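# Commentary on secondary and tertiary structure
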Amino acid sequence: MSKIIAVVNQKGGVGKTTTAVNVSTILAKKGKKVLLIDSDPQGNATSGLGIDKNCEKSIYDVIINDVEINEAIIQSSIKNLLVCPSNINLAGAEVELVSMMSRETRLKQKLEVIENDFQYIIIDCPPSLGLLTINAFTASNSLLIPIQCEYYALEGVGQLINTVNLVRKQLNKSLYIEGVVLTMSDTRTNLSNQVIKEVKTYFKDNVYKTIIPRNIKLSEAPSYGMPISLYAPKSKGARCYEKLTNEIIKGNNK
């Protein structure tokens, strides 16, 4: 059985895709069989691993056109890491899903076919709480929530938790929060330290010890189509994502 984790925050620019790509990569490098599903129409997780967005089949075809997910999966350049890519076609999926039967469970149904093929399935969600994100919530065991250490960091988090509670009630009773990861931290500033304190007060023991710093190499890596552990393996960003992934594995071995 796969552990299915959705990486989610309805705010954009919080390090969601960076987290999904780098955690998936490090899990794969540790010998875990991993599938990364890019469920964001921007397709940044796809291009961040050097995969062409103009692929023949994508997650859009899986959710909308009833294509089997095996037909859309591509092997990445990293051993053990497979990707179900995304492209701009997915932008129309929210509207198309509205009138469809079982619109909230279409991804879940597709993943049931392959859930024994992988140890981890990571879903990179779009920055919204629409039907694509609800599909990810319904299909997942847990949620990984990146929160940036900036003003208004917790703005919208209440709305996210309300959505999680609704999904629990209606669609996925066992959904839980895997953990909260603080990103884009600059510990030299009072603001970062204040946000870290606020998030820990709100989420209590669900916050990972590892905090992802602001790091130039982390920002550069996606433009080269590489995860940080390949682009700059000795950088602070790479070391922090390694530590975070170790925390996630440890949490799943309890």
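Because the structure is a prediction, the values reported are computed rather than measured.

What follows concerns the layout of surface pockets. Of the voids in this model, the largest pocket is the one considered here, and its volume is about 510 Å³. Taken together, 30 residues form the lining of the largest pocket, with Gly 15, Thr 17, Thr 18, Met 184 and Pro 222 sitting closest to its centre. Secondary structure elements with two or more residues in the lining of the largest pocket: helix 1 (16–29), helix 2 (44–48) and helix 10 (216–220). Broken down by element, the residue count for the lining of the largest pocket peaks at 5 residues, all from helix 1. Tallied by class, residues from the lining of the largest pocket come to 14 nonpolar, 13 polar and 3 charged.

For the rest of this paragraph, the subject is unusual backbone geometry. You will see that Ser 102, though not glycine, has its phi angle at about 50 degrees, which is positive. The topology assignment puts Ser 102 in the loop between helix 5 (93–98) and helix 6 (106–112). For Met 184, which is not glycine, the phi torsion reads 55 degrees and is therefore positive. Secondary-structure assignment places Met 184 in the loop between strand 7 (176–183) and helix 9 (190–203).

This paragraph deals with the environment of Ser 235. Looking at the element boundaries, Ser 235 is found in the loop between helix 11 (228–231) and helix 12 (236–252). Under the relative-accessibility criterion, Ser 235 is labelled buried at 10%. Setting aside its immediate chain neighbours within four residues, Ser 235 contacts Asn 215, Lys 217 and Ile 228.

Next up on the list: the state of the cysteines. What the rule picks out here adds up to 0 disulfides. Here Cys 149 stays unpaired: no disulfide links it, and the sulfur of Cys 240, its closest cysteine neighbor, is 12 Å away. Cys 240 sits in the buried class, given a relative accessible area of 10%.

Read across the open sheet, the 7 strands follow the order 3-4-2-5-1-6-7; overall the sheet is mixed. Only two strands of the sheet have a single neighbouring strand rather than two, namely strand 3 (74–75) and strand 7. With 4 bridges connecting them, strand 2 (residues 34–38) and strand 4 (residues 81–84) associate as parallel partners. In the sheet register, Leu 35 faces strand 4, and the bridge partner there is Leu 82.

What follows covers the packing of aromatic side chains. Each aromatic ring pair is characterised by the separation of its centres together with the angle its planes make. Within the structure shown, the criterion is met by 3 aromatic pairs. Ring centres of Tyr 224 and Tyr 231 lie 4.9 Å apart, and the angle between their planes is 20 degrees; on these two criteria the pair is classed as stacked. When its relative accessible area of 52% is taken as the criterion, Tyr 224 is described as exposed. Its end group placed over the ring of Phe 118, Lys 33 keeps NZ or CZ at 5.1 Å from the ring centre.

Attention shifts here to the nonpolar core. In this structure, Leu 35, Leu 111, Ile 123 and Phe 203 are the most contacted members of the largest nonpolar core, which totals 50 residues. When residues of this core are assigned to their parent elements, the largest contribution, 6 residues, is made by helix 7 (residues 131–139). Discounting residues that sit within four places of it in the chain, Leu 35 has contacts with Ile 69, Ile 73, Leu 82, Val 83, Cys 84, Ile 114, Phe 118, Tyr 120, Ile 121 and Ile 122. Ranked by size, the runner-up nonpolar core spans 32 residues in total, among them Leu 27, Val 181, Leu 218 and Ile 228.

The rules behind these values
- Residues numbered from 1 in each chain as written.
- Predicted model: local features only at pLDDT ≥ 70, side-chain atom pairs only at ≥ 80, totals over all residues.
- Heavy atoms only, no water.
- 1 Å grid on protein atoms, 1.4 Å probe; cavity = no way out; pocket = protein on both sides within 12 Å on 5 of 7 lines; lining within 4 Å.
- Points joined across faces, edges and corners; volume = space filled by probe spheres on them.
- Helix = DSSP H or I, 4+ residues; strand = E, 2+ residues; numbered from the N terminus.
- Nonpolar A, V, L, I, M, F, W, Y, C, P; charged D, E, K, R; others polar.
- Buried < 20%, exposed > 50% of the residue type's maximum accessible area, 1.4 Å probe, protein only.
- Contact = heavy atoms within 4.5 Å.
- Disulfide = S-S within 2.5 Å.
- Pairing = 2+ DSSP bridges.
- Phe/Tyr/Trp six-rings, centres within 6.5 Å; stacked < 30°, edge-to-face > 60°.
- Lys NZ or Arg CZ within 6 Å of the ring centre and 35° of its normal.
- Core = buried A, V, L, I, M, F, W, Y, C linked by side-chain atoms within 4.5 Å.

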